[in-house]
Amino acid sequence: MRTTLFLLLALTPALTSARPSAAQPAPDARLEVRLMPLDAHGPWKRRLVIQSPSAQEVVLDRRLLELTVLEPRERGRPRRHTCRHPDAPRRPVPARVEAMEPGAHYEEWVDLRMYCWGAALAALTRSAATVEIGYGFRARGAFVARQPDERRPPHRVAGEGFEWAPPATPSDEGDVRVRLRPVTTRGAPTLAVELRGTGEAARKRVYLRDDLFSFEVRGPLGTARCRPTRTTIVPIVDFYRALSRQSATTLSVAGLCPPGTFDVPGVYEVTPVVDLVYDGTRYELDALTGRFEGPPAPVRITGGAYVIQRVDDLPAPDEAG
């Protein structure tokens, strides 16, 4: 009896170690999810590839992507930023469920800024990082891939991560800086533009009106120009302001942009432009004139119906609207 008990105790660790650990699950091969570069369209746009290794129903919904940005630090562990789509559904949308055969794949293009915003977007803008990919639902009870009669289909799978390099930023911006604040909103946005001078320009004055600002918009469907109807006026001396102080102007796109410019949910790159046309000759003021353009800023439009973003339909970088 003692011999039998000793053999059982000796075998117990071996039997236990042969079982998969709950803390380190085996790799999930139910669904392959990758984000591939689209070099011609810049660093932010990626090709989402979803491939099914077996016959099953799959939820094909780009809003289910979740990105984890691991931003390196000089000391300690990387800083983690979680990126989610603002319109991610909690349950499978029937229209986005499709039966896939073994080896079949699905593609859409995505913009990483639709998922990463705020601190996460700032991290991707300033430094290299490792990006991990998840795909699916946060809560159990939903399925992201399902085989016939499967009782507990996975609600989430891990994708193939990638290494991120930040985009190049202009090194010389000149003495006049035009800035558009990034904004995320449902429907038509309100644009806030900031204007400030440095160096020689800071000692000059400017005469600003809302109709001197315009915007070049590059969105999911192409490009558009947003220009107000400009009224020629006689400037009032009291309205000249020092360019050394930051000036902010808030503009609604209603009446500025062609109809439907911001109708489709997605990320729009909006470039602010200001035309300073009023000099100070009438009042013997040293006023600045000229056309000044700022860097593009992201405007994120949420809500709305799901529009498939086919890679073949992606507007060319030099396409004009």
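Quick summary incoming for the structure in this document. (Residues numbered from 1 in each chain as written. Predicted model: local features only at pLDDT ≥ 70, side-chain atom pairs only at ≥ 80, totals over all residues. Heavy atoms only, no water.)

Within the chain, the regular secondary structure consists of two helices and 22 strands. For the chain, buried positions account for 42% of its 321 residues. Taking all contacts inside the chain whose residues are at least 6 apart in sequence as the whole, residues at least 24 apart take part in 75%. Taken as a whole, the chain presents about 18,600 Å² of accessible surface, with 50% of it coming from carbon and sulfur. (Helix = DSSP H or I, 4+ residues; strand = E, 2+ residues; numbered from the N terminus. Buried < 20%, exposed > 50% of the residue type's maximum accessible area, 1.4 Å probe, protein only. Contact = heavy atoms within 4.5 Å. Areas by Shrake-Rupley, 256 points an atom, 1.4 Å probe, with all protein chains shown as cover.)

The next subject is the packing of aromatic side chains. We describe a pair of aromatic rings using the distance from one ring centre to the other and the angle between the two ring planes. This structure, assessed with the given rule, holds five aromatic pairs. Aromatic side chains Tyr240 and Tyr283 sit 6.1 Å apart centroid to centroid with 75 degrees between the ring planes, which places their arrangement in the edge-to-face category. You can see Tyr240 sitting in strand S18 (residues 240-242) and its partner Tyr283 sitting in the loop between strand S20 (266-276) and strand S21 (290-293), a full 43 residues away along the chain. Each ring, one from Phe262 and one from Tyr268, has its centre 4.9 Å from the other, and the planes form 50 degrees; the classification is tilted. Given a relative accessible area of 5%, Phe262 falls into the buried group. An aromatic cluster is present here, built from Tyr207, Tyr240, Tyr278 and Tyr283 joined pairwise through their rings. The ring centre of Phe162 lies 4.3 Å from the NZ or CZ of Arg46, which sits over that ring. Stacked on the ring of Tyr306, the Lys or Arg Arg62 has its end atom at 4.4 Å from the ring centre. (Phe/Tyr/Trp six-rings, centres within 6.5 Å; stacked < 30°, edge-to-face > 60°. Lys NZ or Arg CZ within 6 Å of the ring centre and 35° of its normal.)

Mapped onto the fold, Asp211 is located in the loop between strand S15 (205-207) and strand S16 (213-219). Since its relative accessible area comes to 7%, Asp211 is described here as buried.

Glancing now at the pairing of S20. Within S20, ten of the eleven residues are buried, leaving the element largely enclosed by the surrounding structure. Note that S16 and S20 share six bridges and pair antiparallel. Paired with Phe215 across the strands is Pro272, a residue of S20. Bridge count for S20 against strand S22 (residues 297-302) is five bridges, and the pairing is antiparallel. Looking at the pairing, Val270 lines up with Ala297 of S22. Bridge analysis of S20 against S21 gives four bridges, and the strand direction is antiparallel. What sits directly across from Asp275, in S21, is Arg291. (Pairing = 2+ DSSP bridges.)

This part covers the side chain of Asp87. Tracing the backbone through its elements, the reader meets Asp87 in the loop between strand S5 (79-84) and strand S6 (97-100). A polar side-chain atom of Asp87 sits 2.7 Å from the main-chain amide nitrogen of Gly303. Leave out the neighbours within four places in its chain, and Asp87 touches Arg63, Arg186, Thr302 and Gly303. (Polar contact = N/O pair within 3.5 Å; in protein donor to acceptor, adjacent residues only side chain to side chain.)

Attention shifts here to the sheet that holds strand S2 (residues 45-51). Across the sheet, three strands lie side by side as S1-S2-S7; this open sheet has antiparallel pairing. Across the chains shown, the open sheet's two edge strands, defined by having one partner strand only, are strand S1 (32-37) and strand S7 (105-111). Each strand axis lies, on average, 25 degrees off the axis of its neighbour in the sheet, ignoring direction. As paired strands, S2 and S7 are joined by seven bridges and run antiparallel to one another. Counted as the bridge partner of Arg46 is Val110 from S7. (Axes fitted to C-alpha atoms, helices over the stretch in contact; angles between N-to-C directions.)

Turning next to the sheet that holds S6. An order of S6-S3-S9 is seen for the three strands of this open sheet, with the pairing classed as antiparallel. Every interior strand has two partners, whereas the edge strands, S6 and strand S9 (145-146), have only one. Judged from the four bridges that link them, strand S3 (residues 56-59) and S6 form a sheet pairing that is antiparallel. The residue of S6 that forms the bridge with Glu57 is Ala99.

It is worth spelling out a nonpolar patch on the surface at this point. A contiguous nonpolar patch, built from Ile236, Val237 and Phe239 and spanning about 260 Å² of accessible area, is present on the exposed surface. Along the polypeptide, Ile236 turns up in the loop between strand S17 (222-226) and S18. (Patch = residues over 30% accessible without salt bridge, like charges linked within 9 Å, V, L, I, M, F, W, Y side chains within 5 Å. Salt bridge = Lys/Arg side-chain N within 4 Å of Asp/Glu carboxyl O.)

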